[in-house]
Amino acid sequence: MDDYTANDDLCEVYHTHPDRLQDCAIHKLDDKTSLALADVFKTLGDKTRIKLLSLLASEEELCVCDIAEALQMGQSAISHQLRVLRAARLVKFRKVGKEAFYSLDDDHVLKLMRQGLDHVREA
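Read on for a plain summary of the structure. (Residues numbered from 1 in each chain as written. Predicted model: local features only at pLDDT ≥ 70, side-chain atom pairs only at ≥ 80, totals over all residues. Heavy atoms only, no water.)

Scanning the chain for helices and strands turns up 6 helices and 3 strands. The order of helices and strands in the chain, counted from the N terminus, is α-α-α-β-α-α-β-β-α. Relative to the compact-globule value of 14 Å for 123 residues, the chain shows a C-alpha radius of gyration of 20 Å, a clear excess of over 25%. Counting only C-alpha atoms and orienting by the principal axes, one finds that the chain spans roughly 65 × 40 × 20 Å. Buried positions account for 22% of the 123 residues belonging to the chain. Partitioning the intrachain contacts of the chain with sequence separation of at least 6 by distance along the chain shows that 50% fall at a separation of at least 24. Separation of charge centres in the chain, based on 17 positive and 22 negative side chains, amounts to 11 Å. (Helix = DSSP H or I, 4+ residues; strand = E, 2+ residues; numbered from the N terminus. Rg over C-alpha atoms; globule rule 2.2 N^0.38 Å. Buried < 20%, exposed > 50% of the residue type's maximum accessible area, 1.4 Å probe, protein only. Contact = heavy atoms within 4.5 Å. Lys, Arg positive; Asp, Glu negative; His and termini not counted. Charge placed at Lys NZ, Arg CZ, Asp CG, Glu CD.)

Each pocket or cavity is described by its volume, and for the largest pocket that value is around 370 Å³. Ala36, Val40, Ala88, Arg89 and Leu90 are the residues nearest the centre of the largest pocket, which is lined by 13 residues in total. Those elements that provide at least two residues to the lining of the largest pocket are α2 (31-44) and α6 (107-121). Considering each element in turn, the lining of the largest pocket owes the most residues, 5 residues, to α2. (1 Å grid on protein atoms, 1.4 Å probe; cavity = no way out; pocket = protein on both sides within 12 Å on 5 of 7 lines; lining within 4 Å. Points joined across faces, edges and corners; volume = space filled by probe spheres on them.)

Another aspect to go through is the nonpolar core. Residues Leu52, Leu53, Ile67, Ile78, Leu82 and Tyr102 are the most contacted members of the largest nonpolar core, which totals 20 residues. Broken down by secondary-structure element, the contributors of at least two residues to this core are α3 (47-56), α4 (64-71), α5 (75-87), β3 (99-104) and α6. The greatest single-element share of this core, amounting to 4 residues, is contributed by α4. What leucine 52 contacts, discounting residues up to four positions off in sequence, is Ile67, Leu71, Ile78, Gln81, Leu82 and Leu85. (Core = buried A, V, L, I, M, F, W, Y, C linked by side-chain atoms within 4.5 Å.)

By the secondary structure assignment, threonine 43 is in helix α2. Given a relative accessible area of 12%, threonine 43 falls into the buried group. Ignoring any residue separated from it by four or fewer positions in sequence, one finds threonine 43 in contact with Arg49, Val84, Leu85, Ala88 and Leu90.

Right, let's get into the sheet that holds strand β1 (residues 62-63). Here 3 strands make up an open sheet; going across it, the order is β1-β3-β2 and the pairing antiparallel. Of all strands in the sheet, those with a lone pairing partner are β1 and β2 (91-96), marking the two edges. Where α5 meets the sheet, its contacts fall on β2 and β3, and the angle it forms with β2 comes to roughly 120 degrees. (Pairing = 2+ DSSP bridges. Axes fitted to C-alpha atoms, helices over the stretch in contact; angles between N-to-C directions.)

What follows is about the packing of α4 against α5. Contact pair α4 / α5: the axes reach a minimum separation of 9 Å and the direction vectors enclose 110 degrees. When the interaxial angle is binned, α4 and α5 end up roughly perpendicular. Together, Val64, Cys65, Ile67, Ala68 and Leu71 of α4 and Gln75, Ile78 and Leu82 of α5 make up the contact between the two elements. For the contact of α4 with α5, the class distribution of residues is 7 nonpolar, 1 polar and no charged. (Parallel < 35°, antiparallel > 145°, perpendicular 65-115°, else oblique. Nonpolar A, V, L, I, M, F, W, Y, C, P; charged D, E, K, R; others polar.)

Purely spatial values, then, with no claim about function.
Here you go:
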């Protein structure tokens, strides 16, 4: 067992590093951007939405019926999750007659999914 104590993750002396603080100032996110990114991660924090995005990561668009069948869920439940993902600009759709086809909104979403999977699988 680890000999970790509650204060092990704190500095034992208060000493800042100005050169590193300059770099922090460059990379620090403003509140608006931080909130927008947190909202994206909140949206991704649902296993059904993750499963749905993983289906769309095949880079082929799918209709709601196919998604519902693949996930063994009702169309209304899938439709609700797709609305959440559309509001977060993670998926897009197009209508063809009476069918609605969905795909990932852009390449960034695909990269986000792939990098997340790589991170989870390397554990």
